[in-house]
Amino acid sequence: MERTFAIIKPDAFAAGHAGQILSRIYSEGFKIVGLKKLYLSKVEAEGFYAVHSARPFFGELTDFMSSGPCVVMALEAENAISKWRDLMGATNPADAAEGTLRKEFGTSIGENATHGSDAPETAAFELGYFFNGLELL
Ligand code: IDP
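What you see is a predicted model; the values in this text were computed from it and never measured.

Engineer: Looking at this structure, I do not really get the UniProt feature "binding site: ATP" (unreviewed entry) in the chain. What am I missing?
Structural biologist: When the UniProt feature table is mapped onto this chain numbering, "binding site: ATP" (unreviewed entry) sits at Lys9, Phe57, Arg85, Thr91, Arg102 and Asn112. Position of Arg85 among the secondary structure elements: in helix α5 (residues 80-88). What Arg85 contacts, discounting residues up to four positions off in sequence, is Gly116 and Asp118. Considering the arrangement of structural elements, one finds Asn112 in the loop between α6 (101-105) and β4 (114-116). Residue classification places Asn112 among the buried positions, given that 25 C-beta atoms sit within 10 Å. Not counting chain neighbours up to four residues away, the residues in contact with Asn112 comprise Thr91, Pro93, Arg102 and Gly106.

Engineer: Looking at this structure, I do not really get the sheet that holds β4. What am I missing?
Structural biologist: Sheets are built from strands paired through backbone hydrogen bonds, the pairs being either parallel or antiparallel. Strand order in the open sheet formed by four strands is β2-β3-β1-β4, with antiparallel pairing between adjacent strands. Of all strands in the sheet, those with a lone pairing partner are β2 (31-38) and β4, marking the two edges. Direction aside, neighbouring strands of the sheet carry axes that sit 20° apart on average. Two strands pair when backbone bridges link them, and strand β1 (residues 2-8) and β4 are joined in this way by three bridges, in the antiparallel orientation. Residue pairing for β4: Ile7 is matched across the bridge by His115. Sitting on the sheet, α5 is in contact with β1, β3 (70-77) and β4, with an inclination near 30° to β1.

How each quantity is defined
Residues numbered from 1 in each chain as written. Predicted model: local features only at pLDDT ≥ 70, side-chain atom pairs only at ≥ 80, totals over all residues. UniProt positions renumbered as here; feature names shortened; annotations may be inferred. Helix = DSSP H or I, 4+ residues; strand = E, 2+ residues; numbered from the N terminus. Contact = placed C-beta atoms within 7 Å. Buried ≥ 20, exposed ≤ 12 C-beta atoms within 10 Å, placed from the backbone. Pairing = 2+ DSSP bridges. Axes fitted to C-alpha atoms, helices over the stretch in contact; angles between N-to-C directions.

As C-alpha cells, this is what we get:
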C-alpha cells in the first residue's frame, strides 16, 4: 500500500464538483485516510509550491490556489501515486484523456481541478505539509 497527496483545487470546489470527484476516488478503489477543507493563504500556497518558485506561472498559480477553499486529501491504494495521476490526467485539460478528472472538470492548464504528488519524496513532503500523523487514519 502507498499513500499520495491530492487536492480538489479552488476551481473545482467553487464549481461544486467536490462530491463527484470524491465519488470517483471511492469508485476507483482509493481509501481516504485524511481529508480537510482549507482556504490557503498566498504564503501557504507559495510554501506548498516552492519547487515551482522559478517557473513563470508561479505567481498565477499561487494566486489561484489561494483564491478560494480547496479540499486536501491523503489517499491510500496500491501504487497510489501513479494511480491518482492516471485518474487526474494530463496537466492541460485539453490534452487529458477521456474519463480523467482534468478532462471532465478542468478548464485551463492553470485551473485544472486537481493536484497529485508526482513521486514518493514529493508525496512525503506534501502529506507532511498539510497533515500530522494523528490526522491520518
Ligand atoms: P502537475 O500538476 O500535472 O504535476 P506541474 O507541471 O507540476 O503539473 O505544474 C503544477 C501546476 O501548475 C499545474 O497543475 C497547474 O495548475 C499549474 N501550471 C502548470 N503549467 C502552467 C502554465 O503554463 N500556466 C499556468 N499554470 C500552470
